[in-house]
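Architecture at a glance
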Amino acid sequence: MPKERCIRIGDKPGGAKYQSDNFWQMADTGPCGPCSEIFYDHGEGIPGGPPGSADADGDRYIEIWNLVFMQYNRDDKGVMTPLPKPCVDTGMGLERIAAVLQHKHSNYEIDLFQDLIKAAARETGQKVLKNPSLNVIADHIRACAFLIVDGVIPGNEGRGYVLRRIIRRAIRHGYKLGQKQPFFHRLVPDLDQAMGDAYPELRSAAKRVAEVLKQEEERFAETLENGMAVLEGALASGEKLLDGETIFKLYDTFGFPVDLTADIATARARRASSPPRRAWTTTVARPISAATTRSACRRKWWRSTAKARRPSS
């Protein structure tokens, strides 16, 4: 490999030792070590600079492989202890390799994604394929289907809640494209056709996957329609900060997920404030039970009407 094609990033200027874009760690503590990232140069016709340059965020140089040399264990005090058995942790982006081999500049342009994007366009009535919402739907049908194949069911906790969020995000992007009816589950046969040969477990579970997705879509359809009407009205005010009262109302009255509200607000260049502490004392990162929410509402109503309930003198 020519020397001029290798870039040493090293520690960040002025930063602590091992603080580098080329030092990988799982978390604040645990196994870690330096890494070598392999990039593919798409050529001078694509904007962007090499890693470490001011233009590194461009698309000319795309990371396709990462080799982490696991050498240390970092404790809670930041002390690095050499691992008794160092190893190499390697990770390669399958879609990125496919993009290189197919001479494409985006993962979404490879044949696998194009088949799913065309299916998403068919189900949402779109004629133009270059649409970010179609990309999201194509990506999410893969994630959701394989989660269900692995036994995950939409729910309010843990893995089930992650799956529910992904499904609902895909549905919202369909909604943005004008598709108000359940459509996501109808992409399962297209996914099966594209990936079923390589993943027979997907093919054998395709019917169940479609049924689970359809049930979740139907459950969310009314929530989305009613909640979006309220949210659109709040966003139309032009305020840069979406107030916490509206966020709480969306969740409590319409069952509209807080993370979905924040996602939509961010897409409209708005910020979502925290729901009022007096009405919601738990963190928005954790699903809240209906009982907790109702209790919070009762407390809020009791306090807000306290003056009216006092006996007159």
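This section reports on the structure supplied with the text.

1. What about the packing of helix H6 (residues 200-235) against helix H8 (residues 258-267)?
- Relative orientation of the contacting elements H6 and H8 amounts to 45 degrees, with a least axis distance of 12 Å. With respect to H8, the axis of H6 lies oblique. For the pair H6 and H8, the crossing hand works out as right-handed. Within the contact between the two elements, H6 uses Phe 220, Leu 224, Met 228, Leu 231 and Leu 235 and H8 uses Leu 260, Thr 261 and Ile 264.
- Broken down by class, the residue content of the contact of H6 with H8 amounts to 7 nonpolar, 1 polar and no charged.

2. Notes on the pattern of salt bridges
- Throughout the structure, instances matching the rule amount to 11 salt bridges.
- Glu 216 serves as the salt-bridge partner of Arg 168, at 3.4 Å between the closest nitrogen and oxygen. One end of the pair, Arg 168, is in helix H4 (residues 158-176); the other, Glu 216, is in helix H6, and 48 residues separate them in sequence. Each member of the pair, Arg 168 as well as Glu 216, is classed as buried.

3. Structural notes on the side chain of Gln 179
- Tracing the chain through its elements places Gln 179 in the loop between H4 and helix H5 (188-195).
- A distance of 2.7 Å separates the side chain of Gln 179 from the backbone oxygen of Glu 123, its partner in a polar contact.
- Here the side chain of Gln 179 touches Gln 181 through a polar contact of 2.9 Å, landing on its backbone nitrogen.
- What Gln 179 contacts, discounting residues up to four positions off in sequence, is Glu 123, Thr 124, Gly 174 and Arg 186.

4. Some remarks on a nonpolar patch on the surface
- Judged by side-chain polarity, Ile 38, Trp 65 and Met 92 come together as a nonpolar surface patch covering roughly 260 Å² of accessible area.
- As for its placement among the helices and strands, Met 92 is situated in strand E4 (residues 80-92).

5. With respect to the packing of aromatic side chains
- Per the stated rule, a full pass over the model turns up 3 aromatic pairs.
- A ring pair is formed by Phe 146 and Tyr 199, whose centres lie 5.1 Å apart and whose planes are at 70 degrees; its orientation type is edge-to-face. Of the two residues, Phe 146 is situated in helix H3 (residues 132-149) and Tyr 199 in the loop between H5 and H6; the sequence distance between them amounts to 53 residues.
- On the basis of relative accessibility, which here comes to 22%, the residue Phe 146 falls in the partly exposed class.
- Between Phe 183 and Phe 184, the aromatic rings sit 6.2 Å apart at their centres with planes inclined by 65 degrees, giving edge-to-face as the arrangement. Both residues of the pair, Phe 183 and Phe 184, belong to the buried class.
- Between the NZ or CZ atom of Lys 180 and the centre of the ring of Tyr 175, over which it lies, the distance is 4.8 Å.

6. Thoughts on the nonpolar core
- Ile 141, Phe 184, Val 209, Leu 213, Leu 224 and Phe 256 are the most contacted members of the largest nonpolar core, which totals 53 residues.
- Top contributing element to this core by residue count: H6, with 12 residues.
- In contact with Leu 213, not counting residues within four places along its chain, are Ile 141, Cys 144, Ile 148, Ile 167, Phe 184, His 185 and Val 188.

Basis of the calculations
Residues numbered from 1 in each chain as written. Predicted model: local features only at pLDDT ≥ 70, side-chain atom pairs only at ≥ 80, totals over all residues. Heavy atoms only, no water. Axes fitted to C-alpha atoms, helices over the stretch in contact; angles between N-to-C directions. Helix = DSSP H or I, 4+ residues; strand = E, 2+ residues; numbered from the N terminus. Parallel < 35°, antiparallel > 145°, perpendicular 65-115°, else oblique. Left-handed = near helix turned anticlockwise from the far one by under 90°. Contact = heavy atoms within 4.5 Å. Nonpolar A, V, L, I, M, F, W, Y, C, P; charged D, E, K, R; others polar. Salt bridge = Lys/Arg side-chain N within 4 Å of Asp/Glu carboxyl O. Buried < 20%, exposed > 50% of the residue type's maximum accessible area, 1.4 Å probe, protein only. Polar contact = N/O pair within 3.5 Å; in protein donor to acceptor, adjacent residues only side chain to side chain. Patch = residues over 30% accessible without salt bridge, like charges linked within 9 Å, V, L, I, M, F, W, Y side chains within 5 Å. Areas by Shrake-Rupley, 256 points an atom, 1.4 Å probe, with all protein chains shown as cover. Phe/Tyr/Trp six-rings, centres within 6.5 Å; stacked < 30°, edge-to-face > 60°. Lys NZ or Arg CZ within 6 Å of the ring centre and 35° of its normal. Core = buried A, V, L, I, M, F, W, Y, C linked by side-chain atoms within 4.5 Å.

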